[in-house]
Amino acid sequence: MGASSGIGREVAIMLRQRGWTVGVAARRIDRLSDFEVAAQIDITADAAPQQLSALIERLGGMDLYFHASGVGRQNRELHEDIELQTVNTNGMGFVRMVGAAWHYMASHGGGHIAVISSIAGTKGLGPAPSYSATKALQNTYIQALEQLSNSRNLPIRFTDIRPGFVDTDLLSGSHKYPLLMDKEVVARSIMGALERRCHIQVIDYRWRIITALWRRIPRWLWRKLKL
């Protein structure tokens, strides 16, 4: 889900190269023409879960659901339209589609749900309030579904992938981002995390160090930082 560009597209290509039967979906279906099984799905639409079900039926089943759909922009002026679009996509859309995948796997013998969240969910980031907040939601939601699945003895595995800044269309623009990573390198790291069935994978080692330090900064100091 979200294979029209960036990390989602790279992972879809690598899965196909490794012998997977891959079905891809995105809002911009014109960018999916080189995949055999594709669907136009807007995760913010009420009909999206039914469209996912139709795609799964075309594939003959689903063992892995990979969610890479998302938006994110710096919003230092706190423009309402940016904040609400981000919440609608990264919050409502995320819950809608991951929930649909969970219901399918709960009734079809289990599977693996993997999502692209972000290191931005580690702390509330002033330059991108709704983005960091929705990424924290995603982190917590996956953790909750993992506990729910275990309590019901459902064989559903979860992988929360938390990249740092990746050189994709999402980050194009005038803003400069530190430690920017190549999307193909990130996709290879993600493939390793999927194969190892990691619970949480922060990409890369530099961001693992940074986020570990972030967690140790007390709230009184964090709110005084100028990012």
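Summarised in this report is the structure supplied together with it. All figures in this text were calculated on a predicted structure; none of them were measured in a lab. (Residues numbered from 1 in each chain as written. Predicted model: local features only at pLDDT ≥ 70, side-chain atom pairs only at ≥ 80, totals over all residues. Heavy atoms only, no water.)

### What to know about the environment of Ser117
One can find Ser117 in the loop between β4 (111-116) and α4 (129-151). Judged by its relative accessible area of 3%, Ser117 falls in the buried class. A sequence separation of 38 residues divides Ser117 from Pro155, and the C-alpha atoms of the two residues are 22 Å apart. A distance of 3.0 Å separates the side chain of Ser117 from the side chain of Asn139, its partner in a polar contact. (Helix = DSSP H or I, 4+ residues; strand = E, 2+ residues; numbered from the N terminus. Buried < 20%, exposed > 50% of the residue type's maximum accessible area, 1.4 Å probe, protein only. Polar contact = N/O pair within 3.5 Å; in protein donor to acceptor, adjacent residues only side chain to side chain.)

### Topic: the sheet that holds strand β5 (residues 156-163)
The strands making up a sheet associate through backbone hydrogen bonding, with each pair oriented either parallel or antiparallel. Pairing within the open sheet is parallel, and its 4 strands lie in the order β3-β4-β5-β6. Pairing within the sheet leaves two strands with one partner each, and these edge strands are β3 (64-67) and β6 (200-203). Within this sheet the neighbouring strands show an average axis-to-axis angle of 15°, counted without direction. Bridge count for β5 against β6 is 4 bridges, and the pairing is parallel. Opposite Arg162, over in β6, you have Val202 as the bridge partner. Each of β3, β4, β5 and β6 is contacted by helix α5 (residues 183-196), which is oriented at about 165° to β6, the strand it contacts most. The strands that helix α6 (residues 205-216) touches are β5 and β6; relative to β6, the one it contacts most, it runs at about 110°. (Pairing = 2+ DSSP bridges. Axes fitted to C-alpha atoms, helices over the stretch in contact; angles between N-to-C directions. Contact = heavy atoms within 4.5 Å.)

### A short note on the nonpolar core
In this structure, Val11, Val24, Phe66, Ile161, Ile190 and Leu194 are the most contacted members of the largest nonpolar core, which totals 34 residues. Among the elements of the structure, α1 (6-17), β1 (23-26), β3, β4, α5, β6 and α6 are those that each provide at least two residues to this core. Once you skip the residues sitting within four places of it in the chain, Ile161 turns out to touch Phe66, Ala114, Val115, Ile116, Ser117, Ser118, Ile190, Leu194, Gln201 and Ile203. By size, the runner-up hydrophobic cluster in this structure holds 27 residues, among which are Ile43, Ala48, Ala101 and Met105. (Core = buried A, V, L, I, M, F, W, Y, C linked by side-chain atoms within 4.5 Å.)

### Focus on the environment of Asp34
Mapped onto the elements of the fold, Asp34 is located in the loop between β1 and β2 (37-40). Sequence separation between Asp34 and Val95 is 61 residues; the distance between their C-alpha atoms is 28 Å. Aside from chain neighbours lying at most four places away, what touches Asp34 is Arg9 and Arg16. Here Arg9 takes part through its side chain, which lies 2.6 Å from a polar atom of the side chain of Asp34.

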